[in-house]
Amino acid sequence: MSWQQLHLQCPKDKVELAEALFYEEGAVSIILEDAGNEPLFEPMPGEEPLWQDVVMTAIFDTNSDNRFDGTDFEGMASEVATAVEATRFWTTRLDDKDWSAEWMKYYKPIKCAGDLWIVPEWLDAPEPNATNLILDPGLAFGTGYHATTRLCLDWLSMQNLDGKVVLDYGCGSGVLGVAALLLGAKQVLAVDIDPQAVLATKQNAALNGVSDRLQVFLPEEFLTHQKENDQPIDCITANILAKPLIGFASYFGSLLEQGGLIVLAGLIENQTQEVMEAYAPFFVLDDAFNYANTDEHHWHRLSGIKK
């Protein structure tokens, strides 16, 4: 079996129209990609930013839909391209594959600082006797491949977490919380606004045999938990974005015990100073740590202790 793909390049204000036309013609999937080299950072909840110029790829199952022969498909492609003012369009054939497994080939085990490895669930651990975190990325953020996740993992690997209670705020896949438990933490409280992240974190905790020491909450549930239990927290990890990190400064300060540890990530170079100023009343933070770049920008990590 094979599939037909229609690719076109159009401005972002025509993307919604193009999607509607594609689905009207029977597209089973649509992919959006940057037509140039424009950085697009992780959005805030509710935001859906797009590049100024977008390449759209619509996939059609022409085997089960007899509307299209070669001429008809090219004609439809031309009509859609004209309607959305595409600067170019082209078609290709896509051979059938096991798409449910295709994405897995891009994941490999990752060596972090110390003796910690991140190992995709379907692969064998390169060093069986190391500290191996088994991970199914699922639909949540946090595979270990992104620079900000690696920054936090490397920091966790260098801490003495024995007997500590860790709060992983913005837990995503749960990779940081699970890593903390494997590295000696007594308990992890994980929080995320996305129900899919809550599910992924629970699944990855089960994969690593630490479900009994990890609790996952939506933010409102965590507030209730803390109000009822007033549980002391020794360490906070927050790999999110600069704006919410600034907003959480006093909140995180109220949660941590004196001398407690904190690590913040998801920051680019020109955001670190503002974040440090927001946390200065509550924490002594170290300098930003440069890890990786994205063309013009560098990712940074901040860490320190509660005053």
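Analysis parameters
- Residues numbered from 1 in each chain as written.
- Predicted model: local features only at pLDDT ≥ 70, side-chain atom pairs only at ≥ 80, totals over all residues.
- Heavy atoms only, no water.
- Salt bridge = Lys/Arg side-chain N within 4 Å of Asp/Glu carboxyl O.
- Helix = DSSP H or I, 4+ residues; strand = E, 2+ residues; numbered from the N terminus.
- UniProt positions renumbered as here; feature names shortened; annotations may be inferred.
- Buried < 20%, exposed > 50% of the residue type's maximum accessible area, 1.4 Å probe, protein only.
- Lys, Arg positive; Asp, Glu negative; His and termini not counted.
- Polar contact = N/O pair within 3.5 Å; in protein donor to acceptor, adjacent residues only side chain to side chain.
- Contact = heavy atoms within 4.5 Å.
- Pairing = 2+ DSSP bridges.
- Phe/Tyr/Trp six-rings, centres within 6.5 Å; stacked < 30°, edge-to-face > 60°.

### Re the pattern of salt bridges
Consideration 1: Per the stated rule, a full pass over the model turns up 1 salt bridge.
Consideration 2: Lys 14 is paired through a salt bridge with Glu 85; the nearest N and O atoms lie 3.6 Å apart. Placement of Lys 14 in the loop between β1 (2-11) and α1 (15-24) and of Glu 85 in the loop between α2 (70-83) and β4 (88-95) is noted, with a sequence separation of 71 residues between them.

### As for the UniProt feature "binding site: S-adenosyl-L-methionine" (unreviewed entry) in the protein chain
Consideration 1: When the UniProt feature table is mapped to this numbering, "binding site: S-adenosyl-L-methionine" (unreviewed entry) covers Thr 149, Gly 170, Asp 192 and Asn 239.
Consideration 2: One can find Thr 149 in helix α4 (residues 147-157).
Consideration 3: Since its relative accessible area comes to 1%, Thr 149 is described here as buried.
Consideration 4: Looking at where Asn 239 falls in the secondary structure, it is placed in strand β11 (residues 233-239).
Consideration 5: Relative accessible area serves as the criterion here: at 8%, Asn 239 is assigned to the buried category.

### What to know about the environment of Tyr 23
Consideration 1: Inspection of the secondary structure assignment puts Tyr 23 in helix α1.
Consideration 2: The partly exposed category is assigned to Tyr 23, whose relative accessible area is 49%.
Consideration 3: Between the C-alpha atoms of Tyr 23 and Ala 58, which are 35 residues apart in sequence, the distance is 8.6 Å.

### A short note on the side chain of Asp 168
Consideration 1: As for its placement among the helices and strands, Asp 168 is situated in strand β8 (residues 165-169).
Consideration 2: Despite its burial, Asp 168 pairs with no opposite charge, the nearest such side chain being Arg 301 at 14 Å.
Consideration 3: At a separation of 3.2 Å, a polar atom in the side chain of Asp 168 contacts the main-chain amide nitrogen of Gly 177.
Consideration 4: Separated by 3.0 Å, the side chains of Asp 168 and Thr 237 make a polar contact.
Consideration 5: Beyond its immediate sequence surroundings of up to four residues, Asp 168 is in contact with Gly 174, Leu 176, Gly 177, Leu 189, Ala 190, Val 191 and Thr 237.

### A look at the sheet that holds strand β7 (residues 131-135)
The strands that make up a sheet pair up through hydrogen bonds in the backbone, lying either parallel or antiparallel.
Consideration 1: As summarised here, the arrangement of the 3 strands in space is β5-β6-β7, forming an open sheet in which the pairing is mixed. Edge positions in the sheet fall to β5 (110-111) and β7, since each of these pairs with one other strand and no more.
Consideration 2: Sheet analysis places β5 next to strand β6 (residues 116-120), joined by 2 bridges and oriented antiparallel. From the neighbouring strand, Lys 111 faces β6, where its bridge partner is Trp 117.

### Some words on the packing of aromatic side chains
Aromatic ring pairs are described here by two measures, namely the spacing of the ring centres and the angle between the planes.
Consideration 1: Scanning the entire structure with this criterion turns up 11 aromatic pairs.
Consideration 2: On the basis of an interplanar angle of 80° and a centroid distance of 5.4 Å, the ring pair of Phe 60 and Phe 73 is categorised as edge-to-face. With Phe 60 in strand β3 (residues 53-60) and Phe 73 in helix α2, this pair connects stretches of sequence that are 13 residues apart. The two residues Phe 60 and Phe 73 agree in class, both being buried.
Consideration 3: Ring centres of Tyr 169 and Tyr 251 lie 6.3 Å apart, and the angle between their planes is 80°; on these two criteria the pair is classed as edge-to-face. Here Tyr 169, found in strand β8, pairs with Tyr 251, found in helix α9 (residues 249-255); they are 82 residues apart in sequence, far enough to count as distant.
Consideration 4: Through a chain of ring-to-ring contacts, the aromatic side chains of Tyr 169, Phe 217, Phe 222, Phe 248, Tyr 251 and Phe 252 assemble into a single cluster.

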